[in-house]
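Structural characterization, general
Below, each chain spelled out in residue letters.
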Amino acid sequence: MAPNAYSRGRSLVAVLRLSVLTFLADPQWLIPSLIAPVVFGLVAYELFSGAGPFFVLYAILGAGMMSMWGQTLYGSGWATGADRHLGTLEPTLSSPTPYLYVVGGRVIWNTVAGLFGGAIVFAVVAVTYGRPIPLSDPLDFVLMFLFVIVTLASVGVVFAAAYVYTRYAGFIQNVGEFAFYVGTGCMFPVVLLPFWTNPISLVLPPTWALDALRYLAIPGYQGFSWGFWWDIIGAVGTTLVYLVIAGTVFKSVERHVLEVGDLNDW
Amino acid sequence: MNAIFAPRTSLGFMRLDFVLGTVFIIPFTQMVFFAFVAGLSGGAAAVSFVVVGNAVATVTYSSIFSVCQTTDSEKEAGTMEHLLVSPANRFALYFGRGVVPILASLATVTVGLVYAVTIFHVPFNAAESPAIAVSIVLTAVAMVGFGLLLGGVALYLRTSIILGNIFLFIGLLLSGVNFPLSSLPLPLQYLGDVFPLTWGLAAVRASLAGAPLGTLLGLWLNVAVGAVASLALAMLLWKTFERRALATGSIARF
């Protein structure tokens, strides 16, 4: 097939459309990824109650991030697993469209769905709080929240790529869930963790983005000593690295499948 | 005997990676997470409370989520119809699904409490070990009974995932895992009292604190009642839906 006989953009849009339709056909699947964050948010809210007005932001940010993790990272990570489960991995990989664009469409939708989840969790904790959330600059807060989900999506894409090579995707995601929450400091500053763990945390883009988000939203917040802007630079840098890694792994996957043709085994 | 152990059903989802993750990794990471959250807002006492609570609460992974999902697994594998027409004793068939999860639950809570004592320095008196052991065993049995009850409900549902997710985590809020039940509004306290985890956790906490036997007996009785009631309701549901399945031939569809 000639290189111009297919459109990567059209493929991306088609996958995005299919993802939306699949979601609309059975939107209850948003619920499992919401239950844990809502519960964790309310637990954190109760634990933080009486610790000062800005602690409610820890609960909201943490629970919102968990919800986005649930939808974005699980959904994106499972993007490959679903193909394998349905037996469509090899046909999809052997199609002319690079697999990255297929996964890309799913990731974009999961990111949007993750935002729905984050908004719902925000609303639940805010209603429980019963007072206005102490946000000095709501617009900047929303923009940073969007940025956090992009960093989460970058981790999701890498997971999606890596999961082609393992049958333990579900195991890694389930077992790694709390480790990820701890590692990224989603409900407490990462600087509270032992110092030797900080380099591990900094490998994850959401760690930087969440620290920046707290600098923005919580007056007097004490996170990484380098402050807000270096957090942003770190988040952008690590996110780009993750996207490059994902692209490289996907290319290698496509080459691998052409050579051995056995990726459907699981 | 085959029905009781139902190896394929019990062990199908109990792969080694699942067991290792559920027993050794999840309790540790969950305890660390909530310990840091509690530490940010409270003191060492809050951390101790949260750590013990989560050590016991991780039992829900093997007792509720896994057991609840066995119904889905049967439907997905297409074996539900065969199960429904088999002559096997229904109690053995149903309770058999809980045997391996009870063992996994025992291991999960035990490992969690070992983490609590060794890593988080929760006070522990070896003399209380028998009482703690009784509390753990009763909690594991009661929680698996509750999981079987949910599995019975899931028999009627299209999928058990949502049900499993709800009860996997709701205990963290309503069972006194991370803060005393008395912090909750009264209706939620009553709701919390319905869950076996609430009483099981109270029994473990009381055992660790060296509570008198009279107090422990009361708590153990509550856990045992919860276990028996869950199993009885599970059997009732199973029979009801089985009758419905035979009448309509549609219950086993996934």
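What counts and how
Residues numbered from 1 in each chain as written. Chains lettered and ligands numbered in written order. Predicted model: local features only at pLDDT ≥ 70, side-chain atom pairs only at ≥ 80, totals over all residues. Helix = DSSP H or I, 4+ residues; strand = E, 2+ residues; numbered from the N terminus. Rg over C-alpha atoms; globule rule 2.2 N^0.38 Å. Contact = placed C-beta atoms within 7 Å. Nonpolar A, V, L, I, M, F, W, Y, C, P; charged D, E, K, R; others polar. Expected span 1.5 Å × (residues − 1). Buried ≥ 20, exposed ≤ 12 C-beta atoms within 10 Å, placed from the backbone. pLDDT = per-residue confidence, 0-100.

Attention now goes to the overall build of chain B. Each helix and strand counted, chain B has 13 helices and zero strands in total. Secondary structure elements of chain B, listed N to C terminal, follow the sequence α-α-α-α-α-α-α-α-α-α-α-α-α. Taking 2.2 N^0.38 as the reference for a compact globule, 254 residues should give roughly 18 Å; the C-alpha atoms of chain B span a radius of gyration of 18 Å, in line with that estimate. Counting only C-alpha atoms, chain B reaches 60 × 35 × 35 Å along its principal axes. When contacts within chain B are restricted to residue pairs at least 6 apart in sequence, those whose partners lie at least 24 apart make up 82%.

Each partner contributes residues to the interface: chain A has 25 residues there, and chain B has 26 residues. Of all the secondary structure elements, the ones that give two or more residues to the side of chain A that touches chain B are helix H2 (32–48) and helix H7 (169–184) of chain A. Broken down by element, the residue count for the side of chain A that touches chain B peaks at 10 residues, all from H2(A). Tallied by class, the residues present in the side of chain A that touches chain B amount to 22 nonpolar, two polar and one charged.

This part covers helix H9 (residues 205–217) of chain A. All names here are of chain A. The end-to-end C-alpha distance of H9, which contains 13 residues, comes to 19 Å, matching closely the 18 Å that a straight helix rising 1.5 Å per residue would cover. Across the 13 residues that make up H9, a large majority, 11, are buried. Residues Pro205, Pro206, Thr207, Trp208, Ala209, Leu210, Asp211, Ala212, Leu213, Arg214 and Ala217 constitute the buried set of H9.

As a further point, take the confidence of the model for chain A. Averaged over all residues, the pLDDT of chain A is 83; the fraction at 70 or higher stands at 91%. At the low end of the mean pLDDT range in chain A sits helix H3 (residues 55–86) of chain A, at 77; at the high end sits helix H8 (residues 198–202) of chain A, at 94.

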